[in-house]
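# Structural overview for review
What follows is each chain in one-letter form.
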Amino acid sequence: MSEWKFNRDAIRAFRFVRCGFDAATGVAQLVYAFDDGPEMIETVTVPGAPFVLDDARAQAAERALRLLHLIAGVSYYKAAVPEEIRIDSYAIGADTAALIELIYVNGLGEFAYRNGLNLHGKIRFPVGQEAGAKAPALGLREHALVAIGGGKDSLVSIEALRALGVEQTVTWIGGSQLIRACAERTGLATLNLGRTLAPQLFDYNREGAWNGHIPVTVLNSAIMVFAAVLLGVDQVVFSNERSASYGSLIEGTGEVNHQWSKGWACEQAFGEYVQREVASDLHYYSLLRPLSELAVARQFAKTDRYDSHFSSCNRNFHILGERPASRWCGVCPKCHFVFLALAPFMPKPRLMGIFGRNLLDDPAQTGGYDALLEFQDHKPFECVGEGRESRAAMAALAERPEWREDALVKRFAREIRPQLDAAELRIEPLLAIDDEQRIPPALWTRLRAHLAA
Ligand SMILES: CC(=O)N[C@H]1[C@@H](OP(=O)(O)OP(=O)(O)OC[C@H]2O[C@@H](n3ccc(=O)[nH]c3=O)[C@H](O)[C@@H]2O)O[C@H](CO)[C@@H](O)[C@@H]1O[C@H](C)C(=O)N[C@@H](C)C(=O)N[C@@H](CCC(=O)O)C(=O)O
Ligand SMILES: Nc1ncnc2c1ncn2[C@@H]1O[C@H](COP(=O)(O)OP(=O)(O)OP(=O)(O)O)[C@@H](O)[C@H]1O
């Protein structure tokens, strides 16, 4: 048989071939293929094997594994975005298909925009008779797997849960040494979940596959939900703030959200599905949903415990390629935004100590900050706060003697602020704690009081 060759535009179908879990080793296999091509196998490893599961937990683990199989397929589907989607080894109902199509169409929003593809109405999952009853309660023990990403957001959650006495395991996926260092710095229990992508994907990328951004947060969430079932714990906690629900407004296209799967719509759809279809007592939520990016930055500034460990710069988190020389590249939108968001809430020398330089006194960063401010440009496709948050933070610095002479702050005061409504530039309204969240009620009451302190 002639060897199958990846030819992006000739591929007709994307196949979910099968998924399986070996309880003796803790290794899950997620298997995909294009047409009759080679199997692409992604693995996820959960430490703590061998797992001995009663029937109810084993069935819930199977449901969580299938959910993961369906969501993680996005990495491979995107390489060719073929017309047909096939599920070879199990059937899904309309509820499951609707969730996965929501995640694919919205989570690939930036991918489609940048590649000039229209995925609306194109992504259709086959619906059949889904086996298994609705999710029972599993009697999961009260304990939170708290996702850590190495940046400020999850560290704010971890410290808030510590202050509230919530039992937690700091959890991350992949091999990032930066995340490991942050996790160990917490002094709490840690859990590192393994993940290896199918190697063919990197080859296909070199051979002309479509490529771009994927909804990695809901993918990480599905991995942690699977782990929570295996470990018998009742909470999976992420740290996605309110601002993540708002995308970039693109002329002639509308809103494109780089971080859709960090947004409220995804948290609700995924969290409700998990309780309906995986385990009714398994709670998935973002602890920071009620907060804006500026409110998160203000909370983060309250402790310097992680100043020498954390980074929000995504250049630290590539699977392939070199590790960056510094934790902060200083030229990407996340570096620009985190520097600006922290500046109003911590002494300037401390911030300069974290970044090693003053990004706001570097004229070369003008374009980057204009995009953050939505001045003559749209918000960058990155996990950054809303434009109004950046504008309010810059306006606050323009009133500070230690900041107002810096190049970009002075430019904002002279050229941009005069064109803005002063009422829109106040920080206080942006620090308000919202009520849109799905945090367990007893915890939410205590957290609200803690955040208001
Ligand atoms: C770290 C990063 O930004 N990676 C994006 C980058 O990938 P790159 O090619 O530079 O290198 P690698 O990260 O090593 O990935 C190699 C290829 O592997 C594919 N891939 C990787 C992980 C995965 O889960 N699925 C995959 O398909 C992909 O084809 C890579 O090229 O550029 C890629 C193409 O634009 C992005 O797909 C990579 O994005 C990662 C999946 C990633 O982890 N990105 C996060 C930093 C991220 O974007 N977080 C968002 C949350 C978005 C959300 O809605 O959840 C955020 O912080 O806002
Ligand atoms: N490798 C990972 N494993 C598990 N969870 C992760 C991983 N990377 C990010 N996350 C989680 O996904 C969510 C979004 O990631 P994000 O990078 O925005 O958060 P962060 O790193 O905590 O903060 P920052 O926005 O400052 O980078 C957070 O809850 C984060 O903990």
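Bear in mind the structure is a predicted one, so any value in this text is a computation, not a measurement. (Residues numbered from 1 in each chain as written. Chains lettered and ligands numbered in written order. Predicted model: local features only at pLDDT ≥ 70, side-chain atom pairs only at ≥ 80, totals over all residues. Heavy atoms only, no water.)

## Some points on helix H15 (residues 407–416)
- Within H15 the residues assigned to the buried category are Leu-408, Val-409, Phe-412 and Ile-416. The arc that holds the buried residues of H15, viewed along the axis, is 105 degrees, so those residues lie on one side.
- Where H15 is buried, its residues meet helix H13 (366–372) and helix H14 (387–397). (Buried < 20%, exposed > 50% of the residue type's maximum accessible area, 1.4 Å probe, protein only. Helix = DSSP H or I, 4+ residues; strand = E, 2+ residues; numbered from the N terminus. Arc of directions from axis to C-beta. Contact = heavy atoms within 4.5 Å.)

## Here we look at the environment of Phe-16
- With respect to the helices, strands and loops of the structure, Phe-16 is situated in strand S1 (residues 13–22).
- In contact with Phe-16, not counting residues within four places along its chain, are Val-31, Tyr-32, His-69, Leu-70, Gly-73, Ile-85, Arg-86, Ile-87, Asp-88, Ser-89, Tyr-104 and Phe-125.

## Considerations on the packing of aromatic side chains
- The tally for this structure, following the rule as stated, stands at 23 aromatic pairs.
- With centroids separated by 5.8 Å and ring planes inclined at 15 degrees, the aromatic side chains of Phe-14 and Tyr-32 adopt a geometry described as stacked. Residue Phe-14 is found in strand S1, and its partner Tyr-32 is found in strand S2 (residues 27–34); the two are separated by 18 residues along the sequence.
- On the basis of relative accessible area, Tyr-32 is assigned to the buried category, the value being 0%.
- Counting every residue linked through ring pairs, the aromatic cluster contains Trp-4, Phe-6, Phe-14, Phe-16, Tyr-32, Phe-34, Tyr-76, Tyr-77, Tyr-104, Phe-125 and Tyr-204.
- Sitting over the face of the ring of Trp-403, Lys-348 holds its NZ or CZ atom 4.5 Å from the ring centroid. (Phe/Tyr/Trp six-rings, centres within 6.5 Å; stacked < 30°, edge-to-face > 60°. Lys NZ or Arg CZ within 6 Å of the ring centre and 35° of its normal.)

## As for the site of ligand 2
- Taken together, 20 residues sit near ligand 2, with Asp-153, Ser-154, Ser-239, Lys-262 and Ser-312 positioned nearest.
- One of the backbone N or O atoms of Gly-151 is found 3.0 Å from an oxygen atom in ligand 2.
- A distance of 2.6 Å is found between an oxygen atom of ligand 2 and a side-chain nitrogen or oxygen belonging to Ser-312.
- Against a free-state accessible area of 570 Å², the protein chains account for coverage of 91% of ligand 2.
- Looking at the shell around ligand 2, the elements that each hand over two or more residues are helix H5 (152–163) and strand S6 (168–173).
- Residue classes in the shell around ligand 2 are distributed as seven nonpolar, nine polar and four charged. (Near = heavy atom within 4 Å. Polar contact = N/O pair within 3.5 Å; in protein donor to acceptor, adjacent residues only side chain to side chain. Areas by Shrake-Rupley, 256 points an atom, 1.4 Å probe, with all protein chains shown as cover. Nonpolar A, V, L, I, M, F, W, Y, C, P; charged D, E, K, R; others polar.)

## Some points on the pairing of S1
- Sheet topology note: the S1/strand S4 (residues 84–87) ladder contains four bridges and is parallel. Its bridge partner being in S4, Ala-13 is matched across the sheet by Glu-84.
- For S1 and S2, the ladder comprises eight bridges, and the chain directions are antiparallel. When the bridges of S2 are listed, Phe-16 appears paired with Tyr-32.
- In this structure, the hairpin formed by S1 and S2 is closed by a connection of four residues, where Gly-26 is found at a positive phi of approximately 80 degrees. (Pairing = 2+ DSSP bridges.)

## Considerations on the pattern of salt bridges
- Enumeration according to the criterion identifies 28 salt bridges in this entry.
- Between Arg-15 and Asp-88 there is a salt bridge, with the nearest N and O atoms lying 2.8 Å from each other. A residue pair is termed long-range when its members are at least 10 positions apart, and Arg-15 in strand S1 and Asp-88 in the loop between S4 and helix H3 (94–107) qualify at 73 residues.
- Salt-bridge contacts for Arg-411 lead to Asp-370; the nearest nitrogen and oxygen are separated by 2.7 Å. Of this pair, Arg-411 sits in helix H15 while Asp-370 sits in helix H13, and the two are 41 residues apart along the sequence. (Salt bridge = Lys/Arg side-chain N within 4 Å of Asp/Glu carboxyl O.)

## Brief notes about the confidence of the model for the protein
- Summary statistics for the protein give a mean pLDDT of 94 and a share of 98% for residues scoring 70 or more.
- Among the scores for the predicted complex, ipTM is 0.98 and pTM is 0.96. (pLDDT = per-residue confidence, 0-100.)

## Here's the deal with the site of ligand 1
- Ligand 1 sits among 26 residues. The nearest are Lys-78, His-213, Thr-217, Ser-261 and Ile-319.
- Residue Ser-75 places a side-chain N or O atom 2.9 Å away from a nitrogen atom belonging to ligand 1.
- Note that an oxygen atom of ligand 1 is positioned 3.0 Å from one of the side-chain N or O atoms of Asn-205.
- Those elements that provide at least two residues to the shell around ligand 1 are helix H7 (200–206) and helix H8 (216–231).
- No other element matches H7, which puts three residues into the shell around ligand 1.

## Examining the environment of Thr-169
- Inspection of the secondary structure puts Thr-169 in strand S6.
- Between the alpha carbons of Thr-169 and Ile-148 there is a distance of 9.9 Å; along the sequence they are 21 residues apart.

## Quick notes on the sheet that holds strand S5 (residues 141–147)
- Ordered in space as S4-S1-S2-S3-S7-S6-S5-S8-S11, the nine strands form an open sheet in which the pairing is mixed. The open sheet has two free edges, formed respectively by S4 and strand S11 (283–286), since each of these has just one partner strand. Within the sheet, the average angular offset between the axes of one strand and its neighbour, ignoring direction, is 20 degrees.
- Summarising the sheet, S5 and S6 pair through four bridges and their orientation is parallel. Within S6, the position partnered with Leu-145 by the bridge is Thr-169.
- This element, H5, spans S5, S6 and strand S8 (233–238) of the sheet and lies at about 165 degrees to S6. (Axes fitted to C-alpha atoms, helices over the stretch in contact; angles between N-to-C directions.)

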